[in-house]
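A closer look at the structure
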Amino acid sequence: MKEIILIAIAAVFVENFVLSKFLGICPFLGVSKKTSTAVGMGGAIVFVITISSVVTWSVNEYLLKPYELIYLQTIVFILVIAALVQLVETVLKKFMPALYRALGIYLPLITTNCAVLGSALLIAEREYTLLNAVVFGFSSAVGFTLALLLFSGVRERIETNDVPMAFRGLPITLIAAALVSVAFIGFQGLFGI
């Protein structure tokens with residue numbers, strides 16, 4: 001049980017994909033302008049990473065390893081992730097059209113989101129059990145969502161403040177992202193991980 005808790009805490013805070021590993025920066029910067037779209041993207045990421053963790057772990061354990069096809073991991077994992085993203089896109093388009101339009105191009109970009117692929121590859125590299133893989137995948141996605149929500153709040157505050165002309169737009173966004181990242185890097189070593 002202790003191992004599961006440590007994996008979860010590490011994935012959310014210590015090894016946060018966006019703020020510690022710098023994976024998934026494109027949707028992080030693109031969708032974090034408004035908290036409402038950040039929540040929607042976070043939900044989609046949680047679903048895709050959690051389900052892809054289960055599916056990629058199973059494919060790796062029952063197909064790639066036994067038949068010595070480990071060299072196909074990246075290609076197979078991308079195909080699995082792409083199929084899951086298509087599922088999410090179809091569901092959102094049908095049942096939540098406003099969120100589907102708000103996420104725009106960033107929704108299909110989940111397929112190429114290196115945080116999703118990074119999660120699958122880290123699970124395979126660390127040789128997690130199925131339970132550990134699910135916990136790591138879900139917790140990684142929660143960490144991604146937490147970073148997205150925190151940063152969307154920061155960006156909304158920035159919009160209401162007077163920012164010097166030279167820093168408006170992308171410069172202040174990157175400075176704010178760096179400061180939020182520094183806060184998360186402070187978690188390293190805190191839990192003995």
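Above this text is the structure in question.
Here is a short report on the structure shown in this document. Positions within a chain are numbered from 1, following the residues in the order the chain's sequence is written. Reporting in this predicted model follows two pLDDT cut-offs: at least 70 for local features of residues, and 80 or more for side-chain atom pairs to be given and counted; totals over whole chains, interfaces and linings ignore these cut-offs and use all residues. Working from all heavy atoms in the structure, the side-chain values ignore hydrogens and water.

**Thoughts on the overall build of the chain**
- Helix and strand assignments come from DSSP, with helices taken as H or I runs of at least 4 residues and strands as E runs of at least 2, each series counted from the N terminus. A tally of regular secondary structure across the chain gives eight helices and zero strands.
- The secondary structure elements of the chain, listed N-terminal to C-terminal, are α-α-α-α-α-α-α-α.
- Since a compact globule built from 193 residues should have a radius of gyration of about 16 Å, the 17 Å found for the chain is in line with a globular shape.
- Taking the principal axes of its C-alpha atoms as reference, the chain extends roughly 60 × 45 × 30 Å.
- With a 1.4 Å probe rolled over the protein chains alone, any residue whose accessible area is under 20% of its type maximum counts as buried; one over 50% counts as exposed, and the rest are partly exposed. Counting across all 193 residues of the chain, residues that qualify as buried make up 45%.
- In the chain, the share of contacts with a sequence separation of at least 24, taken over all contacts with a separation of at least 6, comes to 77%.
- Areas reported here follow the Shrake-Rupley algorithm with a probe of radius 1.4 Å; residue values treat only the protein chains shown as occluding. Carbon and sulfur atoms make up 70% of the accessible area of the chain, which amounts to about 10,000 Å² in all.
- Charged residues are defined here as Lys and Arg on the positive side and Asp and Glu on the negative side; His and the ends of the chain fall outside this count. Just so you know, the charge point we use is NZ for Lys, CZ for Arg, CG for Asp and CD for Glu. With 12 positive and 10 negative side-chain charges, the chain shows a separation of 11 Å between the mean positions of the two kinds. Atoms counted for the radius of gyration: C-alpha only. Globule rule: 2.2 Å times residue count to the power 0.38. Working rule for contacts: check all heavy atoms of both residues, and any pair within 4.5 Å makes them a contact.

**Some details on helix 8 (residues 170-185)**
- Here helix 8 spans 22 Å end to end across 16 residues, near enough to the 22 Å set by a 1.5 Å rise per residue.
- Taken residue by residue, helix 8 has Ile172, Thr173, Ala176, Ala177, Val180, Ser181 and Phe184 as its buried positions. The span one expects for a helix is its residue count, reduced by one, times 1.5 Å.

**Side note on helix 6 (residues 114-126)**
- In this model helix 6 runs 17 Å from its N-terminal to its C-terminal C-alpha over 13 residues, within 8% of the 18 Å that 1.5 Å per residue would give.
- Of all the residues in helix 6, the buried ones are Ala115, Val116, Leu117, Gly118, Ser119, Ala120, Leu122, Ile123 and Ala124.
- Of the residues that open helix 6, the one with a side-chain oxygen 2.8 Å from the backbone nitrogen of alanine 115 is asparagine 113.
- Trailing helix 6 by a residue or two, glutamate 127 shows a phi angle of about 55°, which is positive. Distance and chemistry together define a polar contact, namely a pair of N or O atoms within 3.5 Å, with one atom able to donate a hydrogen and the other to accept it when in protein, and with adjacent residues in sequence counting only for side-chain atoms on both sides.

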